[in-house]
Structure formats: structure tokens, C-alpha cells
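# Examination of the molecular architecture
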Amino acid sequence: MEAAAPHNPAEQRPPAHSVELTVTSPEQMRELGRRLAKLLRAGDLVLLSGELGAGKTTLTRGLGEGMGVRGAVTSPTFVIARVHPSLVDGPPLVHVDAYRLSGGLDEMEDLDLDVSLPESVIVVEWGEGKVEELTEDRLHVVIHRAVGDTTDEVRHVTVTGLGERWAGTDLSVLAA
């Protein structure tokens with residue numbers, strides 16, 4: 001993986017607590033997840049955004065591997081949320097797929113994410129506009145891919161840390 005230049009040079013550079021990466025295969029996306037897992041701790045909220053098939057679940061699978069959690073990390077589309085307990089005395093991974101949820105935090109309240117957040121790492125696919133109220137401190141991962149009928153595996157990933165929790169975190173280690 002390599003750090004990528006912004007897509008449009010005229011765009012403003014990302015803030016200091018943001019990194020842009022180019023991922024060229026599903027295995028690299030999993031590896032990114034494994035590296036990201038090393039930065040996460042209980043109480044962290046990670047929002048994943050990207051088109052269908054962009055690699056959100058593949059990234060989360062790598063997170064689960066890096067965190068040492070129990071169970072295969074698969075898309076929780078039909079169960080909405082899945083909890084993966086830690087096998088290594090770390091925080092559990094709560095993997096949420098908000099794709100089918102149309103409401104905001106009100107609809108998400110049934111999942112008790114606010115109760116789980118302090119002791120868990122919560123990853124929410126399709127969570128943009130739905131879970132931001134849980135905490136000001138969150139990591140937002142946006143995965144861009146070519147759309148349409150393509151076999152292109154290249155993904156452009158932007159990881160942005162928001163809030164005090166991420167202000168001093170060096171996200172450039174993700175590009176290693």
C-alpha cells in the first residue's frame with residue numbers, strides 16, 4: 001500500500017489527522033484492517049463508507065484478525081449487528097451494518113451502541129448520518145472504488161480521525 005496524492009490537486013489537503021492510501025487487492029484491504037486494529041482501543045467508533053463492494057467488510061475482517069476476536073467476520077446485513085468477543089483479553093468488536101436502517105440514531109438506539117461503546121470497538125458500515133451523535137471522537141474510513149462493470153481492484157481509502165481522541169494519533173503508520 002502506498003500513500004496516494006489527493007484525487008484533485010486543486011482540492012484542499014486533508015487535515016493532519018487524515019491519511020490517503022491506495023489499496024490494490026482484497027488482501028491489502030485486510031492488511032490495512034490488521035494495521036488499523038493496532039491503533040484501536042475500547043471506546044472507539046469507526047464509520048465505514050463506500051459503494052457496495054468497496055471493501056468495507058473485507059477491511060473489518062482484517063480488523064477482527066488484528067484484534068484477535070472470535071468468529072468469522074462477515075457482513076451483518078441481515079442481522080444488523082454482530083458481536084465478536086476478544087480471544088486475547090482485548091475489547092470485543094461490534095460490527096454493525098446500517099445499510100437497511102433508514103433512520104438516524106433513534107433507529108440505532110435499539111442496538112444499544114451507546115451502552116456498548118465504552119468497552120467495545122464499534123465498526124459501523126453505512127453509518128454516516130446515523131451514528132455520529134454517539135461520540136465526537138471517531139474514525140471515518142471512506143473507500144472509493146471504480147463503479148460500473150469493472151474488475152478493477154484499486155481502492156482509494158481516506159482515513160480521518162475526528163475529535164480529541166484522534167488529534168495526536170499518527171495515522172501515517174497505516175501506509176507502512
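Residues numbered from 1 in each chain as written. Predicted model: local features only at pLDDT ≥ 70, side-chain atom pairs only at ≥ 80, totals over all residues. Heavy atoms only, no water.

## Quick notes on the overall build of the chain
- Counting its secondary structure elements, the chain contains five helices and eight strands.
- Secondary structure elements of the chain, listed N to C terminal, follow the sequence β-β-α-β-α-β-β-α-α-β-β-β-α.
- Counting all 176 residues of the chain, 45% fall into the buried class.
- Restricting the contact set of the chain to residue pairs at least 6 apart, pairs at least 24 apart contribute 63%. (Helix = DSSP H or I, 4+ residues; strand = E, 2+ residues; numbered from the N terminus. Buried < 20%, exposed > 50% of the residue type's maximum accessible area, 1.4 Å probe, protein only. Contact = heavy atoms within 4.5 Å.)

## A closer look at the nonpolar core
- Counting 27 residues, the largest nonpolar core has Leu-32, Leu-40, Leu-139, Val-141, Val-157, Val-159 and Leu-174 as its most contacted members.
- Within the residue set of this core, elements represented by two or more residues are β2 (18-23), α1 (26-37), β3 (45-50), α2 (56-67), β6 (121-125), β7 (138-145) and β8 (155-162).
- Val-159 has contacts with His-17, Ser-18, Val-19, Leu-139, His-140, Val-141, Leu-171 and Leu-174, leaving out every residue within four places of it along the chain.
- Counting 12 residues, the second largest nonpolar core, distinct from the first, contains Leu-47, Ile-80, Val-94 and Val-96. (Core = buried A, V, L, I, M, F, W, Y, C linked by side-chain atoms within 4.5 Å.)

## Overview of the pairing of β7
- In terms of strand pairing, β3 meets β7 through five bridges, oriented parallel. Bridging across to β7, Leu-47 finds its partner in His-140.
- Pairing geometry for β7 and β8, over eight bridges, is antiparallel. The partner of His-140 across the bridge, within β8, is Thr-160. (Pairing = 2+ DSSP bridges.)

## Topic: the side chain of His-95
- Examined against the element boundaries, His-95 turns out to sit in strand β5 (residues 93-97).
- A polar contact is formed between the side chain of His-95 and the backbone oxygen of Thr-74, at a distance of 3.5 Å. (Polar contact = N/O pair within 3.5 Å; in protein donor to acceptor, adjacent residues only side chain to side chain.)

## Structural notes on the pattern of salt bridges
- For the structure shown, the criterion picks out six salt bridges.
- Of the charged contacts, one joins Arg-30 and Glu-65 as a salt bridge, the two residues approaching to 1.9 Å between their closest N and O atoms. Of the two residues, Arg-30 is situated in helix α1 and Glu-65 in helix α2; the sequence distance between them amounts to 35 residues.
- Using a relative accessible area of 25% as the deciding quantity, one classes Arg-30 as partly exposed.
- Across the pair Arg-34 and Glu-31 runs a salt bridge whose closest N-O atoms are separated by 3.0 Å. One end of the pair is Arg-34 and the other is Glu-31, both in helix α1 and three residues apart, which spans about a single turn.
- One network of salt bridges, with partners in common, ties together Glu-27, Arg-30, Glu-31, Arg-34, Arg-35 and Glu-65. (Salt bridge = Lys/Arg side-chain N within 4 Å of Asp/Glu carboxyl O.)

## Section: the side chain of Arg-165
- Along the chain, Arg-165 falls in helix α5 (residues 164-167).
- Excluding residues within four positions of it along the chain, Arg-165 makes contact with Leu-39, Leu-40, Arg-41, Asp-44 and Asp-137.

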